[in-house]
Amino acid sequence: SQTIHQWPATLVQPVGSPLSLECTVEGTSNPNLYWYRQAAGRGLQLLFYSVGIGQISSEVPQNLSASRPQDRQFILSSKKLLLSDSGFYLCAWSGDSRQETQYFGPGTRLLVL
Amino acid sequence: KQEVTQIPAALSVPEGENLVLNCSFTDSAIYNLQWFRQDPGKGLTSLLLIQSSQREQTSGRLNASLDKSSGRSTLYIAASQPGDSATYLCAVRGSQGNLIFGKGTKLSVKP
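Below you will find a few notes about this structure. What you are looking at is a predicted structure, and each value in this text was computed from that prediction instead of being measured. (Residues numbered from 1 in each chain as written. Chains lettered and ligands numbered in written order. Predicted model: local features only at pLDDT ≥ 70, side-chain atom pairs only at ≥ 80, totals over all residues. Heavy atoms only, no water.)

**Description of the packing of aromatic side chains**
Residue and element names in this part refer to chain A. Test applied: Paired rings are identified among Phe, Tyr and Trp, the last through its six-membered ring, by centres lying within 6.5 Å, and are further divided according to the angle between planes into stacked (under 30 degrees), edge-to-face (over 60) and tilted (the rest). Helix and strand labels come from DSSP, where a helix needs a run of H or I of at least four residues and a strand needs a run of E of at least two; each type is numbered from the N terminus. Three exposure classes are used, based on accessible area relative to the maximum for each residue type with a 1.4 Å probe and protein chains only: buried under 20%, partly exposed in between, and exposed over 50%.
Per the counting criterion, the structure on display carries nine aromatic pairs over all chains. Consider the rings of Trp93 and Tyr103, whose centres lie 5.0 Å apart with planes at 25 degrees: the pair is stacked. Of this pair, Trp93 sits in strand 9 (residues 87-94) while Tyr103 sits in strand 10 (residues 103-104), and the two are 10 residues apart along the sequence. Under the relative-accessibility criterion, Trp93 is labelled buried at 7%.

**Points about the state of the cysteines**
To keep it simple, the criterion reads: Note on disulfides: each one is a pair of cysteine sulfur atoms within 2.5 Å.
Enumeration over the complete set of coordinates arrives at two disulfides over all chains. Note on cysteine connectivity: Cys23 of chain A is disulfide-linked to Cys91 of chain A, with sulfurs 2.0 Å apart. Taking the sign of the torsion about the S-S bond as the criterion, the disulfide between Cys23 of chain A and Cys91 of chain A, at about -70 degrees, is left-handed. With Cys23 of chain A in strand 3 (residues 19-26) and Cys91 of chain A in strand 9, the pair connects residues that are 68 residues apart, well separated along the chain. Cys91 of chain A matches Cys23 of chain A in its accessibility class, with the two residues each being buried. Through a disulfide, Cys23 of chain B is tied to Cys90 of chain B; the S-S separation comes to 1.9 Å. For the disulfide bridge between Cys23 of chain B and Cys90 of chain B, the dihedral angle about the S-S bond is near -60 degrees, and by the sign convention the bridge is left-handed. One end of the pair, Cys23 of chain B, is in strand 3 (residues 19-25); the other, Cys90 of chain B, is in strand 9 (residues 86-93), with 67 residues separating them in the sequence. Residue classification places Cys90 of chain B among the buried residues on the basis of a relative accessible area of 0%.

**Examining the pattern of salt bridges**
Residue and element names in this part refer to chain A. The test is simple: Salt bridges are defined by distance alone: a side-chain nitrogen of Lys or Arg within 4 Å of a carboxyl oxygen of Asp or Glu.
Tallied over the entire structure, the rule returns four salt bridges over all chains. A salt bridge links Arg37 to Asp85, with the shortest nitrogen-to-oxygen separation between them at 3.6 Å. One end of the pair, Arg37, is in strand 4 (residues 32-38); the other, Asp85, is in the loop between strand 8 (73-78) and strand 9, with 48 residues separating them in the sequence. Taking the relative accessible area as the measure of exposure, Arg37 reaches 13% and is therefore buried. Taking the relative accessible area as the measure of exposure, Asp85 reaches 3% and is therefore buried.

**A look at the interface of chain A and chain B**
Rules: We call two residues in contact when some of their heavy atoms are within 4.5 Å. In this description, buried area is defined as the sum, over both parts, of the accessible area (probe of 1.4 Å) that is lost when the two are combined. Contacts described as polar in this section are N or O atom pairs within 3.5 Å, which, within protein, must combine one atom able to donate a hydrogen with one able to accept it, while residues neighboring in sequence count only if both atoms come from side chains.
Every contact between the two is made by 24 residues of chain A and, on the other side, 22 residues of chain B. Between chain A and chain B, the buried area comes to about 1,700 Å², and carbon and sulfur atoms account for 48% of it. Linking chain A with chain B are zero salt bridges. Our count for the chain A to chain B interface comes out at six residue pairs in polar contact (both at pLDDT 80 or more). Counting only elements with at least two residues in the side of chain A that touches chain B, the list comes to strand 4, strand 5 (44-52) and strand 9 of chain A.

Quick look at the structure:
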């Protein structure tokens, strides 16, 4: 069966510090991968998605970036965090059919102080 | 630009009641619609997926309907239980494969 992991579960970082969140998927190959952010009072917002290694599409301009160094690994990064980067970050995967569901990881709660 | 709205934002009901959660979307050109459940501080769990060609899906006490032409979906929960307390999210899948979410309905079922 497929599983999706995210770490860390919780992170408290000062403004201006770098960020690296990791997401890995097991039990499937060539998944579509997604990063979402859920901020207080706002809905889930798609940040990045990837249909293959090294292929990243950005939905929202920001100071975050994403990379996919391996087929089942998706990394969300920032060189300098802003207060507005605080939120709950969710990684998800799906098959390559547009009719398939997306499966979400447990999330990382990021607090920037 | 696709927008998804969920009404009500919050709902509190006594245990045993049947209830309906509403979701509306502005662009009817969707591939599918999903209902998710999110417990506090947790990730999302998929409840029901309705393809654009379908009108409803059922799983246990849950029934979701889709009226694509009018841009509406409902999630019906029968005989609600305290364990149903969570935030319920509606999402539509657009042409690029990404999901566009509503802000959710926070449900509280009182024993």
